[in-house]
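# Results of the structural survey
Here is what each chain is made of, one letter per residue.
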Amino acid sequence: MLHVTVLCVGKLKEAYWRDAVAEYAKRLSAFCRFAVVEVDEERLSDAPGPAQIERTLTEEGKRLLSHIPRDALTVALCIEGKTVSSEVLSSCLSSWALEGKSHILFVIGGSFGLSDAVKNAAALRLSMSPMTFPHQLARVMLLEQIYRAFQIAGGGKYHK
């Protein structure tokens, strides 16, 4: 069975985000071994300068990289990544599984995104949209799209 992990910076603070993630995690358990792994978020001042932002990206990047298994196909979510349809994401997941990739790992950064080191470690850079979303919402949106991808692949009625 395919193992899908979402590796992300920070914890979800609001109960409604945690509830949404729990719901999609439950749904995904029918299709894959699913896990969410959270790494600590760096504390920043209210108005961080470029040097503080760069240091934050570097430190969070080190934490993320330490949690990426060597055998995982890694997908970095970043605004400069490739945008794909739900159908294409479904096709990618199916193709990766057929190619023998047993662990797919999606990485979501913190408020300022991902370090170049994390992006460079990824096999694919994926963008959900050219619009900017809070990283907490991005996590829920990603889980919904992964669930939708499995539904598409299985011919389910969820995707219309």
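Residues numbered from 1 in each chain as written. Predicted model: local features only at pLDDT ≥ 70, side-chain atom pairs only at ≥ 80, totals over all residues. Heavy atoms only, no water.

## A few points about the sheet that holds strand β4 (residues 103–108)
For clarity, the threshold we go by: Pairing between strands requires that DSSP locate at least two bridges from one strand to the other. Strands here are runs of E lasting at least two residues and helices are runs of H or I lasting at least four, both read from the DSSP assignment and numbered beginning at the N terminus. In this analysis, axes come from line fits to C-alpha atoms, helices being fitted only over the stretch in contact, and the angle between any two N-to-C directions falls in the range 0 to 180 degrees. Contacts: residue pairs with any heavy atoms within 4.5 Å of one another.
Spatial strand order, β2-β1-β4-β3-β5: 5 strands in an open sheet with parallel pairing. The outermost strands of the open sheet, each flanked by one partner alone, are β2 (33–39) and β5 (124–127). Across the sheet, the axes of successive neighbouring strands diverge by a mean angle of 30 degrees, strand direction being ignored. As paired strands, strand β3 (residues 73–83) and β5 are joined by 5 bridges and run parallel to one another. Among the inter-strand pairings, Lys 82 is bridged to a residue of β5, identified as Leu 126. Helix-sheet contacts for helix α2 (residues 50–65) involve β1 (3–9), β2 and β4, and the interaxial angle to β1 is about 160 degrees.

## Describing the packing of helix α3 (residues 86–98) against helix α5 (residues 135–153)
Heads up, the condition is: If an angle is under 35 degrees, it is roughly parallel; if it is over 145, roughly antiparallel; if it lies from 65 to 115, roughly perpendicular; otherwise it is oblique. As a working rule, the residues Ala, Val, Leu, Ile, Met, Phe, Trp, Tyr, Cys and Pro are called nonpolar, Asp, Glu, Lys and Arg charged, and the rest polar, with Gly in that last group.
It is at 8 Å that the axes of α3 and α5 come closest, and there the two elements cross at 75 degrees. Between α3 and α5, the interaxial angle falls into the category roughly perpendicular. Facing α3, whose interface residues are Ser 86, Glu 87, Leu 89, Ser 90, Leu 93 and Ser 94, α5 presents Gln 145, Ile 146, Arg 148, Ala 149, Phe 150, Ile 152 and Ala 153. Considered class by class, the residues forming the contact of α3 with α5 number 7 nonpolar, 4 polar and 2 charged.

## A few points about the pattern of salt bridges
Put simply, the rule is: In what follows, salt bridge is the name for a side-chain nitrogen of Lys or Arg lying within 4 Å of a carboxyl oxygen of Asp or Glu. Throughout this description, buried means an accessible area under 20% of the type-specific maximum (1.4 Å probe, protein chains only), exposed means over 50%, and partly exposed covers the range between.
The tally for this structure, following the rule as stated, stands at 10 salt bridges. Between Glu 23 and Lys 26 there is a salt bridge, and its shortest N-O distance comes to 3.5 Å. Here the residue Glu 23 and the residue Lys 26 both occupy positions in helix α1 (residues 15–28), the gap between them amounting to 3 residues, near one helical turn. Note that Lys 119 and Glu 80 form a salt bridge whose closest N and O atoms lie 2.6 Å from each other. Pair noted here: Lys 119 is in helix α4 (residues 116–121) and Glu 80 is in strand β3, with a separation of 39 residues, a long-range link. Glu 80 gets classed as partly exposed once you look at its relative accessible area, which sits at 42%. Ionic contacts of the salt-bridge type, sharing partners, join the residues Lys 11, Glu 38 and Arg 139 into one network.

## A short note on the packing of α1 against α5
Quick note on the threshold: Crossing handedness follows the turn of the near helix against the far one: under a right angle anticlockwise gives a left-handed crossing, and clockwise gives a right-handed one.
In contact at an axis separation of 10 Å, α1 and α5 are set at 20 degrees when each is read in the N-to-C sense. Classified by the angle their axes make, α1 and α5 are roughly parallel. Between α1 and α5 the crossing geometry is left-handed. Residue-level contacts link Trp 17, Ala 20, Val 21, Tyr 24, Arg 27 and Leu 28 of α1 to Gln 136, Leu 137, Arg 139, Val 140, Leu 143, Glu 144, Ile 146, Tyr 147 and Phe 150 of α5. Looking at side-chain class alone, the contact of α1 with α5 contains 11 nonpolar, 1 polar and 3 charged residues.

## Quick look at the layout of surface pockets
The condition is simple: Here the term cavity refers to a set of points on a 1 Å grid, laid over the protein atoms alone, in which a 1.4 Å probe fits but cannot get out; the term pocket refers to an open set having protein on both sides within 12 Å along at least five of seven lines, with lining residues being those that place an atom within 4 Å of a point. Grid points are joined across faces, edges and corners, and a volume is the space filled by probe spheres set on the points.
Quantified by volume, the largest pocket comes out at close to 450 Å³. Lining the largest pocket are 22 residues, with Leu 77, Cys 78, Ile 79, Gly 113 and Phe 133 sitting closest to its centre. Counting only elements with at least two residues in the lining of the largest pocket, the list comes to β3, β5 and α5. Examining the composition of the lining of the largest pocket, we find that 4 residues originate from one element, β3, more than from any other. Per-class residue counts for the lining of the largest pocket are 12 nonpolar, 8 polar and 2 charged.

## Details of empty space enclosed by the protein
Counted under the stated rule, the structure contains 1 cavity of 30 Å³ or more. Each pocket or cavity is described by its volume, and for the largest cavity that value is around 30 Å³. Lining the largest cavity, in full, are Val 9, Leu 57, Glu 60, Gly 61, Leu 64, Gly 109, Gly 110, Gly 113, Leu 114, Ser 115 and Val 118. Per-element accounting of the lining of the largest cavity gives the leading share, 4 residues, to α2. Classifying every residue of the lining of the largest cavity by side-chain character gives 5 nonpolar, 5 polar and 1 charged.

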